[in-house]
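Commentary on secondary and tertiary structure
So the chains spell out like this:
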Amino acid sequence: MNIDRGVAQAYLLGQLAKADGAEKGFGREMMEHAFELFQGGNEMFGCRVVRLDCRDALMHYYESFGFVFIGKNRKSDLNQMIAII
Ligand SMILES: CC(C)(COP(=O)(O)OP(=O)(O)OC[C@H]1O[C@@H](n2cnc3c(N)ncnc32)[C@H](O)[C@@H]1OP(=O)(O)O)[C@@H](O)C(=O)NCCC(=O)NCCS
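First things first, this report covers the structure right here in the doc.

What about the side chain of asparagine 79?
Turning to its location among the elements, asparagine 79 is positioned in strand β6 (residues 79-84). A distance of 2.9 Å separates a polar atom in the side chain of asparagine 79 from a polar atom in the side chain of lysine 72. Once residues within four sequence positions are removed from consideration, asparagine 79 is found in contact with Leu52, Asp53, Cys54, Arg55, Asp56, Met59, Phe69, Gly71 and Lys72.

If you want it as C-alpha cells, here you go:
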C-alpha cells in the first residue's frame, strides 16, 4: 500500500456525476471504467487504495462497489470511504 510516514497513497475518485438525462446505471458504468483505470495504475506502480468523500445518502451506493466507511472529514459533513483493489 506504499505507506510512508503514516500516509497511504490513494487514487481519489472525485466529482463522480452523470449528466441530467443520462440513463439509470450510467454511474455504475463510470465506476467500472474508473476501476479498470485504477487496476492499470496498480499494475504500473502498485497503488491499491481508492478513496472518496460522499454525503450520507450515497454511502450505501458506494458500499455496493466495495467501499467501506473510515471516518468523517475535518468538517464532519462528508464520509470518507476507501476500497482496496
Ligand atoms: C452518483 C451517480 C453518478 C450514480 O449514478 P447511477 O449509478 O447511474 O445511479 P442512479 O443515479 O440511478 O442511482 C443509483 C442509486 O444510488 C442511490 N442514489 C443516487 N443518488 C442519490 C441521492 N441524491 N440521494 C440518495 N440516494 C441516491 C440510490 O440508492 C439509487 O438507487 P434508486 O434510484 O433505486 O433509489 C448519480 O446519481 C449522480 O450523478 N448524482 C449526482 C452527483 C452526485 O451526487 N455525485 C456523488 C459525488 S460523491
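Remarks on the sheet that holds β6
Read across the open sheet, the 4 strands follow the order β3-β4-β6-β5; overall the sheet is mixed. On the outer flanks of this sheet lie β3 (11-12) and β5 (68-72), each paired with one strand and no other. Pairing between strand β4 (residues 49-54) and β6: 6 bridges, direction antiparallel. Each residue of the ladder has a partner; that of leucine 52, found in β6, is methionine 81.

Quick notes on the rules
Residues numbered from 1 in each chain as written. Predicted model: local features only at pLDDT ≥ 70, side-chain atom pairs only at ≥ 80, totals over all residues. Heavy atoms only, no water. Helix = DSSP H or I, 4+ residues; strand = E, 2+ residues; numbered from the N terminus. Polar contact = N/O pair within 3.5 Å; in protein donor to acceptor, adjacent residues only side chain to side chain. Contact = heavy atoms within 4.5 Å. Pairing = 2+ DSSP bridges.

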